[in-house]
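Secondary and tertiary structure notes
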Amino acid sequence: MLTLSFLKDVENVVYGPEKEIVPQLAADLLIPNLDEAVEGFRRSPVKEGLILKGGRRSSVKLFIPDLYFDQHIDMGENVWLYLGEMSPAYCIYRPWDEAKE
């Protein structure tokens with residue numbers, strides 16, 4: 001279950017650039033358009049997040065912690081990916097120069 005305490009524990013979170021994390025997760029989860037889904041979600045986020053189904057019974061939840069929990073956490077304004085309690089949550093960010101484009 002996705003909880004704020006899970007995300008605040010640094011042992012449960014991987015922080016990384018979008019261009020490194022998203023292609024690898026797309027391949028692992030068999031979600032070929034994950035990069036497009038992340039960009040679309042970034043432009044039009046919803047409070048409850050978005051669940052994408054992948055291959056081999058996999059799925060990922062896209063969410064923005066600051067919206068989801070109505071409370072700010074470190075890097076909580078970014079899109080995060082949650083794969084379940086047995087995997088880390090991924091905070092993906094874009095370097096400043098790419099974010100301005």
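Residues numbered from 1 in each chain as written. Predicted model: local features only at pLDDT ≥ 70, side-chain atom pairs only at ≥ 80, totals over all residues. Heavy atoms only, no water.

1. Here we look at the environment of Tyr 68
With respect to the helices and strands, the residue Tyr 68 is situated in helix α4 (residues 65-68). Separated by 60 residues in sequence, Tyr 68 and Lys 8 have C-alpha atoms that sit 14 Å apart. Those residues in contact with Tyr 68 that sit more than four places away from it in its chain are Leu 2, Lys 47, Glu 48, Lys 61 and Phe 63. (Helix = DSSP H or I, 4+ residues; strand = E, 2+ residues; numbered from the N terminus. Contact = heavy atoms within 4.5 Å.)

2. Considerations on the sheet that holds strand β2 (residues 50-53)
On the basis of which strands lie adjacent, the open sheet formed by five strands has the order β1-β5-β4-β3-β2 and mixed pairing. The strands lining the two open edges of the sheet, one partner per strand, are β1 (13-17) and β2. Strand-to-strand twist of the sheet, defined as the mean angle between neighbouring strand axes without regard to direction, takes the value 25°. Relative to strand β4 (residues 80-82), strand β3 (residues 59-63) runs antiparallel, the two sharing three bridges. Of the residues in β4, the one forming a bridge with Leu 62 is Leu 81. Packed onto the sheet, helix α2 (residues 18-29) meets β1, β3, β4 and β5 (89-93) and runs at close to 115° relative to β1. Contacting β2, β3, β4 and β5, helix α3 (residues 34-43) crosses the sheet at an angle of about 25° to β3. (Pairing = 2+ DSSP bridges. Axes fitted to C-alpha atoms, helices over the stretch in contact; angles between N-to-C directions.)

3. Considering the environment of Pro 32
By the secondary structure assignment, Pro 32 is in the loop between α2 and α3. Through-space distance from the C-alpha of Pro 32 to that of Gly 55 is 9.9 Å; in sequence the pair is 23 residues apart.

4. Thoughts on the side chain of Asn 78
With respect to the helices, strands and loops of the structure, Asn 78 is situated in the loop between α4 and β4. Look at Asn 78 and you get buried, because its relative accessible area is 17%. From its side chain, Asn 78 meets the backbone oxygen of Met 75 in a polar contact 3.2 Å long. Residues in contact with Asn 78, not counting those within four places in the same chain, are Phe 63, Ile 64, Pro 65, Cys 91, Ile 92 and Tyr 93. (Buried < 20%, exposed > 50% of the residue type's maximum accessible area, 1.4 Å probe, protein only. Polar contact = N/O pair within 3.5 Å; in protein donor to acceptor, adjacent residues only side chain to side chain.)

5. Side note on the packing of aromatic side chains
Scanning the entire structure with this criterion turns up five aromatic pairs. Ring centres 6.0 Å apart and planes at 80° place the aromatic pair Tyr 15 and Trp 80 in the edge-to-face group. Of the two residues, Tyr 15 sits in strand β1 while Trp 80 sits in strand β4, which places them 65 residues apart along the sequence. Tyr 15 gets classed as partly exposed once you look at its relative accessible area, which sits at 37%. Owing to a relative accessible area of 0%, Trp 80 belongs among the buried residues under this scheme. Grouping aromatic residues by their ring pairs yields a cluster made of Tyr 15, Phe 63, Tyr 68, Phe 69 and Trp 80. (Phe/Tyr/Trp six-rings, centres within 6.5 Å; stacked < 30°, edge-to-face > 60°.)

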